[in-house]
Amino acid sequence: MSVSLSRYLVEQQRERGAITPELRLLLEVVARACKGISHSVNKGALGGVLGSAGSENVQGEVQKKLDLIANEVLIEANEWGGHLAAMASEEMETIHLIPNRYPQGEYLLLFDPLDGSSNIDVNVSIGTIFSVLKKPEGGAGVSEADFLQPGTQQVAAGYCVYGPQTTFVLTVGDGVSMFTLDREQGSFVLTQENVRIPKDTKEFAINMSNMRHWDSPVKRYIDECLMGSEGPRGKDFNMRWIASMVADVHRILTRGGVFLYPWDKREPGKPGKLRLMYEANPMSWLVEQAGGAATNGRERILNIQPKTLHERVSVVLGSKNEVDLVTKYHLGS
Ligand code: P6P
């Protein structure tokens, strides 16, 4: 008997008390929105959704048509339910308040509506990343400051990867579960529970073209991986870089590995490329819930106190023993 996402969430609510009815509703709506995004993504050129939208986002990055479509789908799906106080998106400079015509809820939803946009037009896996926080008690209304909570405060986090399968991956603090979209039923079906990342790995993920810009601890770590069995690691490594964080993290959750997007000296004022609130935090919680680790090279990502909504962070995540080694090299440098 297959278990649907809906049944899984009811059991998380009823049997484990892990989530409230409002959070269960919110997660159902997010999953439904991801089904809609998957449908648009899968149409590709047939849906006229490829290519640039002719605009830039707050990061100064060219927005693809599908970035804006995905953002709109998530906004429209989540506005009316009564479970949210506000939303924040990589594609929007400021937070999106729930219109007064709808009831206000106690949750804050953050998302990267379509991560890996550079892969959209070349038919490589992309995905939606989301993070859920509770609005702080008290205080009339909601402001950006309410979102600035460390990753340890998340009550739910996950992603939906649009690849050969469309898979919804979720944690509510009770381990990581994976749900594959059954297109005939139109529902997400539980296909893996209690996901575990092996503590060791022979596979690293990093954009090697940036090597000359890295700080010495990262260069040391990668050099040792490249030396393989003839070097201090005593084993050969493989390399993967999909340039869609969702796809790289999904591989790591599935078979282990270490992912690095470190600070580099091209823009020394920027701590890294990836965003803390709606990329690094949700992915770090998922990885930790699966027995892995996630740091910015020096400290646990989930402990970082955000200062701004779109702030960036260096990311080292995945198999715990590898993340610990990279972190040790940073702290020793
Ligand atoms: P680069 C996608 O644009 C993204 O934000 C992540 O999904 C991905 O890991 C990274 O950037 C890829 O960056 O510099 O290799 O293109």
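Residues numbered from 1 in each chain as written. Predicted model: local features only at pLDDT ≥ 70, side-chain atom pairs only at ≥ 80, totals over all residues. Heavy atoms only, no water.

Description of the overall build of the protein
Part 1 of the argument: Of the regular secondary structure elements, the protein holds eight helices and 17 strands.
Part 2 of the argument: Here the C-alpha radius of gyration of the protein, 19 Å, is about what a compact globule of 333 residues would show, namely 20 Å.
Part 3 of the argument: Along the three orthogonal principal directions, the C-alpha set of the protein runs to about 65 × 45 × 45 Å.
Part 4 of the argument: Long-range contacts, defined here as pairs at least 24 residues apart, represent 63% of the contacts in the protein between residues at least 6 apart.
Part 5 of the argument: Split by element, the accessible area of the protein, about 13,900 Å² in all, is 49% carbon and sulfur.
Part 6 of the argument: For the protein, the centre of its 35 positive side-chain charges and the centre of its 40 negative side-chain charges are spaced 4 Å apart. (Helix = DSSP H or I, 4+ residues; strand = E, 2+ residues; numbered from the N terminus. Rg over C-alpha atoms; globule rule 2.2 N^0.38 Å. Contact = heavy atoms within 4.5 Å. Areas by Shrake-Rupley, 256 points an atom, 1.4 Å probe, with all protein chains shown as cover. Lys, Arg positive; Asp, Glu negative; His and termini not counted. Charge placed at Lys NZ, Arg CZ, Asp CG, Glu CD.)

Thoughts on the side chain of Ser38
Part 1 of the argument: Secondary-structure assignment places Ser38 in helix H2 (residues 21-43).
Part 2 of the argument: In terms of polar contacts, Ser38 uses its side chain to reach the side chain of Thr166, at 2.8 Å.
Part 3 of the argument: The residues contacting Ser38, other than those within four sequence positions of it, are Tyr162, Thr166, Leu181 and Arg183. (Polar contact = N/O pair within 3.5 Å; in protein donor to acceptor, adjacent residues only side chain to side chain.)

Considering helix H1 (residues 5-14)
Part 1 of the argument: All buried positions along H1 are accounted for by Leu5, Tyr8, Leu9, Glu11 and Gln12. The buried residues of H1 all sit within an arc of 160° when viewed along its axis, so they share a single face.
Part 2 of the argument: For H1, the secondary structure elements touched by its buried residues are H2, strand E8 (166-171), strand E9 (176-182) and strand E10 (187-192). (Buried < 20%, exposed > 50% of the residue type's maximum accessible area, 1.4 Å probe, protein only. Arc of directions from axis to C-beta.)

Brief notes about the pattern of salt bridges
Pairs can form between side chains of opposite charge whenever their charged atoms are close.
Part 1 of the argument: Tallied over the entire structure, the rule returns 17 salt bridges.
Part 2 of the argument: With a closest N to O distance of 2.6 Å, Glu322 and Arg233 form a salt bridge. Here Arg233 lies in the loop between helix H5 (216-227) and strand E12 (238-239) and Glu322 lies in helix H8 (residues 320-332), a separation of 89 residues in the sequence.
Part 3 of the argument: Connected via shared salt-bridge partners are Glu61, Glu90, Arg275 and Glu279. (Salt bridge = Lys/Arg side-chain N within 4 Å of Asp/Glu carboxyl O.)

A word on the site of the ligand
Part 1 of the argument: In the vicinity of the ligand lie 13 residues, with Asp115, Asn207, Trp241, Met245 and Tyr261 positioned nearest.
Part 2 of the argument: Side-chain polar atom of Trp241 to an oxygen atom of the ligand: 2.9 Å apart, as the coordinates give it.
Part 3 of the argument: A distance of 2.6 Å is found between an oxygen atom of the ligand and a side-chain nitrogen or oxygen belonging to Tyr261.
Part 4 of the argument: Protein burial of the ligand: of its 400 Å² of free accessible surface, 83% is covered by the chains.
Part 5 of the argument: At the level of elements, strand E13 (258-261) and strand E14 (274-275) are the ones that each hand at least two residues to the shell around the ligand. (Near = heavy atom within 4 Å.)

Topic: the nonpolar core
Part 1 of the argument: Ranked by internal contacts, the top residues of the largest apolar core, which has 43 residues, are Leu109, Leu114, Phe130, Phe168 and Leu170.
Part 2 of the argument: When residues of this core are assigned to their parent elements, the largest contribution, 10 residues, is made by H2.
Part 3 of the argument: In contact with Leu170, other than residues within four places in its own chain, are Leu5, Tyr8, Leu9, Leu27, Phe130, Ala157, Gly158, Gly175, Val176, Ser177, Phe179 and Leu286. (Core = buried A, V, L, I, M, F, W, Y, C linked by side-chain atoms within 4.5 Å.)

Brief notes about the domain arrangement of the protein
Part 1 of the argument: Domain boundaries assigned for the protein yield domain 1 (5-192) and domain 2 (203-332).
Part 2 of the argument: A separation of 24 Å is found between the C-alpha centroids of domain 1 and domain 2.
Part 3 of the argument: Contact residues are listed per partner, giving 50 residues for domain 1 and 33 residues for domain 2.
Part 4 of the argument: For the pairing of domain 1 and domain 2, the buried interface totals around 3,000 Å² over both sides, and the portion due to carbon and sulfur atoms is 63%.
Part 5 of the argument: It is Ile129, Leu148 and Tyr159 in domain 1 that bury the most area against domain 2; as a group they hold 19% of the surface buried on that side.
Part 6 of the argument: Where domain 1 meets domain 2, there are two salt bridges. (Domains from an automatic or database assignment. Buried area = accessible area lost by both parts, 1.4 Å probe.)

Quick notes on the packing of H5 against H8
Part 1 of the argument: As a packed pair, H5 and H8 sit with axes 8 Å apart at the nearest point and diverge in direction by 135°. Judged by the inter-axis angle, H5 sits oblique to H8. The hand of the H5/H8 crossing is right-handed. On the side of H5, the interface is formed by Pro217, Val218, Arg220, Tyr221 and Glu224, while H8 contributes Glu322, Leu325, Val326, Tyr329 and His330. (Axes fitted to C-alpha atoms, helices over the stretch in contact; angles between N-to-C directions. Parallel < 35°, antiparallel > 145°, perpendicular 65-115°, else oblique. Left-handed = near helix turned anticlockwise from the far one by under 90°.)

A few points about the pairing of strand E5 (residues 107-115)
Part 1 of the argument: Counting buried positions along E5 gives nine out of nine residues, so the element sits mostly inside the fold.
Part 2 of the argument: Note that strand E3 (residues 84-89) and E5 share five bridges and pair parallel. Paired with Leu84 across the bridge in E5 is Tyr107. (Pairing = 2+ DSSP bridges.)

As for the pairing of E13
Part 1 of the argument: The two faces of E13 match: Val258 and Leu260 on one face and Phe259 and Tyr261 on the other face are all buried.
Part 2 of the argument: Inspection of the sheet shows strand E11 (residues 203-205) paired to E13 by two bridges, in the parallel sense. By the bridge assignment for E13, Ala205 is matched with Phe259.
Part 3 of the argument: Two strands pair when backbone bridges link them, and E13 and strand E17 (residues 315-318) are joined in this way by four bridges, in the antiparallel orientation. Paired with Val258 across the bridge in E17 is Gly318.

Describing the sheet that holds strand E4 (residues 96-97)
Part 1 of the argument: Spatially, E4-E3-E5-E6-E7-E8-E9-E10 is the arrangement adopted by the eight strands of the open sheet, whose pairing is mixed. Sheet topology places E4 and E10 at the edges, where each strand pairs with a single neighbour.
Part 2 of the argument: Pairing analysis gives two bridges linking E3 to E4, with the strands arranged antiparallel. The partner of Ala86 across the bridge, within E4, is Leu97.

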